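Observations on chain architecture
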Amino acid sequence: MASISGWSLPIPRTTSPPFMSKTQIATTFEQVAVLLELDGANRFKVIAYQNASRALATLEEDLLLVVEENRITDIKGIGKGIGGLISEAVLHGSWGSLGELYDKIPPGLIEMTGIPSLGPKRVRLLYEELNIDSLEKLKIACENNNIASLQGFGAKSQEKYLEGIELLHRYQGRSRMDIGLAYGHSLENKISKIPNVLKAQLAGSARRMRETIGDLDIVLSAEIEHQEKIINQIMNFSGIADVKGQGTSKISLILESEMLAEPIIKKELDFGLSENISERSLNSTIDAQIRIVSPEAFPFTLAYFTGSKEHNIRMRQRAIDKGLRLNEFGLFSEKEAGDKIGMEAAKNTLICNTELDIYKNLDMDWVAPELREDMGEIEASLQGLLPNLIKIDDIKGAFHNHTTSSDGAATLEEMANHALKLGWEYLGIADHSESLNIGGRQIGIPSDEIINQSIEINKLNEYYQNENINFRLFHGSECDILSNGKLDYPSEIRNSLSHVIGSVHALGSWRNRDESTNTELLIKAIEDPTFTILGHPTGRILQGREGFPLDMHSILRTMAEFNEEGILKAVEINASPYRLDLDWKFCKYAKEIGVPICINPDAHDTNGLNDIWYGTQIARKGWLESNDVLNTKSGDEIEILFGK
């Protein structure tokens, strides 16, 4: 089967059902939706595959059981035709006629869809009209002025495509959370300081705290008589690489590193992580759109551009249900608006000074931006059941951190001192176990040397106690989960530790196995009596590599059974912005079934401890409250839970 920019139909790795996992099928359907659009398929067919992909990605039940019980079409978003294709993939490992679609589309077309403002429909037109099937051909066509004359394109489109090709080569369109927020907050702060700017706020995926951030969106409010002067001052900011567009109400910019208030600190990373990422180049840029509105429109515009699209659709429907209409400029009577649109329709808007007022006028509780993903927040808002989300000040420590004893860059005492500065009550040390070997170099602590670290930790704990300092160190280990599901180190060593963080590092064997085998072996590790916390559960690196195939719902259900029996089994949100693994989409499920979440920075130097903030944002996005998170408990409570 032909591969399309790394895309290919999955091949069965098992000899009996399920031949395909729900993750494999969801990913395939997401690809199929793009391929169908490139092929000119009916829009409803494209939407059907998009909906089915989303439905499978959030399905909590065992997919094989659903298929065998003929309940696949009971799932919202899955119709009869796609349901049959899912059953075929699960029960037989085949994909109907989808292979013909994968073979039909030229590989370069999928690359072209990565260019901003050049979606699948336009890519298809360029292919049909000019036989453009690669980025290189598109660049040549633009340079030869062949695009400008095409109907529906024009000279401006041609310029945008050349610019887009350059940006695509420099960076692939999304930034890690830490990078995106650094640029976004710097721009937001600069705009806020301009005279007569009443408010300026980051919106979009950055405000929703997505793990990767696309273009930055900032909404600012100012009286109309000041707006032109404010625009001129923004245009004079340092750190603007280029201006993509400038109008009376919107500016589109490309930002470069000079925009940053402070340089982004490069933290020490573990060896396995650093081998799989490419650091952001000093020449890299990020796109930003600034929208200038009146004070009256500000709450509506902020809400609209915060998104998500799915959340906005539900909010508009809620307004319709109440005889109202909601857009980016106001909330107003449907009857009075009639055929009017945009600002004209919103002339008689209800007065809303904040977003809270918008929700209040729709008889809803305000929804925190992190939750606006149409994952149940609308229903919870209507019922008064939204969570009281965790805050960074609730964190009292963390358990997964490294020192110079393995691959860290700071000593035990240096790490402890920084934790004290953060106001924590404890710090868990979890250096790598002895099996971790990268490039012929042993990274982990050998069995016969771990006692030395224990002695050092005990001495420091005695000092804190004698000085009446409310702080302690917990001596744990990040034990490798070996390819056979066993934990590294002899059991007597693991039993001597306060906690064991089980993590997969040798991803080769895990990524080349099927989901069910990996799930079974990971459960084997979790069942070990010494196992405490599952570290970076899938091994993913954002924008670096996909995680290994795993049925996370099954893993969490197993952990829930232990917790029901009073045996602590927690799952980590690895707070490193390179990982942010556990994925936020699983946090709510873990919460519902009683699996404690542990937010860990996986710090390899003192700066890395500050990454706890990013993990806390992911926890918030996953609906977690303080009581759902293990490291909001006091040091005394943790000692009891660890049995130490």
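In case you missed it, the structure is sitting above this.
Described in the following lines is the structure provided in the data block. Quantities reported herein were computed from a predicted structural model and do not represent experimental measurements. (Residues numbered from 1 in each chain as written. Predicted model: local features only at pLDDT ≥ 70, side-chain atom pairs only at ≥ 80, totals over all residues. Heavy atoms only, no water.)

Quick word on the packing of helix 20 (residues 412–421) against helix 21 (residues 450–466)
- Between helix 20 and helix 21, whose axes approach to 11 Å, the crossing angle comes to 35°. Crossing angle aside, the handedness with which helix 20 passes helix 21 is right-handed. Taken together, the residues of helix 21 that come into contact with helix 20 (itself represented by Leu412, Glu413, Ala416 and Leu420) are Glu456, Ile457, Leu460 and Tyr464.
- Classifying every residue of the contact of helix 20 with helix 21 by side-chain character gives six nonpolar, no polar and two charged. (Axes fitted to C-alpha atoms, helices over the stretch in contact; angles between N-to-C directions. Helix = DSSP H or I, 4+ residues; strand = E, 2+ residues; numbered from the N terminus. Left-handed = near helix turned anticlockwise from the far one by under 90°. Contact = heavy atoms within 4.5 Å. Nonpolar A, V, L, I, M, F, W, Y, C, P; charged D, E, K, R; others polar.)

Considering the packing of aromatic side chains
- Per the stated rule, a full pass over the model turns up 12 aromatic pairs.
- Taken together, a centroid distance of 5.7 Å and an interplanar angle of 70° make the contact between Tyr426 and Phe474 edge-to-face. You can see Tyr426 sitting in strand 11 (residues 426–432) and its partner Phe474 sitting in strand 14 (residues 472–480), a full 48 residues away along the chain.
- When the ring of Tyr464 is compared with that of Phe471, the centres are 5.1 Å apart and the planes differ by 90°; the resulting orientation is edge-to-face.
- The buried category is assigned to Tyr464, whose relative accessible area is 2%.
- Owing to a relative accessible area of 4%, Phe471 belongs among the buried residues under this scheme.
- In this structure, Arg122 packs its charged tip against the face of Phe153, placed 4.6 Å from the ring centre.
- The ring of Trp584 is capped by Lys621, whose NZ or CZ atom sits 4.8 Å from the centre of that ring. (Phe/Tyr/Trp six-rings, centres within 6.5 Å; stacked < 30°, edge-to-face > 60°. Buried < 20%, exposed > 50% of the residue type's maximum accessible area, 1.4 Å probe, protein only. Lys NZ or Arg CZ within 6 Å of the ring centre and 35° of its normal.)

Points about empty space enclosed by the protein
- Under the definition given, this model contains two cavities of 30 Å³ or more.
- Of the volumes computed, that of the largest cavity is approximately 130 Å³.
- Every residue lining the largest cavity is counted, 13 residues in all, and those nearest its centre are Ala303, Tyr304, Asn312, Met315 and Leu326.
- Counting residues per element, the ones that place at least two in the lining of the largest cavity are helix 14 (298–306), helix 15 (309–321) and helix 18 (355–361).
- In terms of residues, the lining of the largest cavity owes the most to one element, helix 15, which gives four residues.
- Considering only residue class, the lining of the largest cavity consists of seven nonpolar, four polar and two charged. (1 Å grid on protein atoms, 1.4 Å probe; cavity = no way out; pocket = protein on both sides within 12 Å on 5 of 7 lines; lining within 4 Å. Points joined across faces, edges and corners; volume = space filled by probe spheres on them.)

Some remarks on the sheet that holds strand 18 (residues 597–600)
- Taken in spatial order, the seven strands of this open sheet run 10-11-14-15-16-17-18, and their pairing is parallel. In this open sheet, the two edge strands, each paired with only one partner strand, are strand 10 (397–398) and strand 18.
- Across two bridges, the pairing between strand 16 (residues 533–534) and strand 17 (residues 570–574) is parallel. Pairing of Leu534 across the sheet is with Val571, part of strand 17.
- Along the sheet, helix 20 contacts strand 11 and strand 14; its crossing angle with strand 11, the most-contacted strand, is approximately 145°. (Pairing = 2+ DSSP bridges.)

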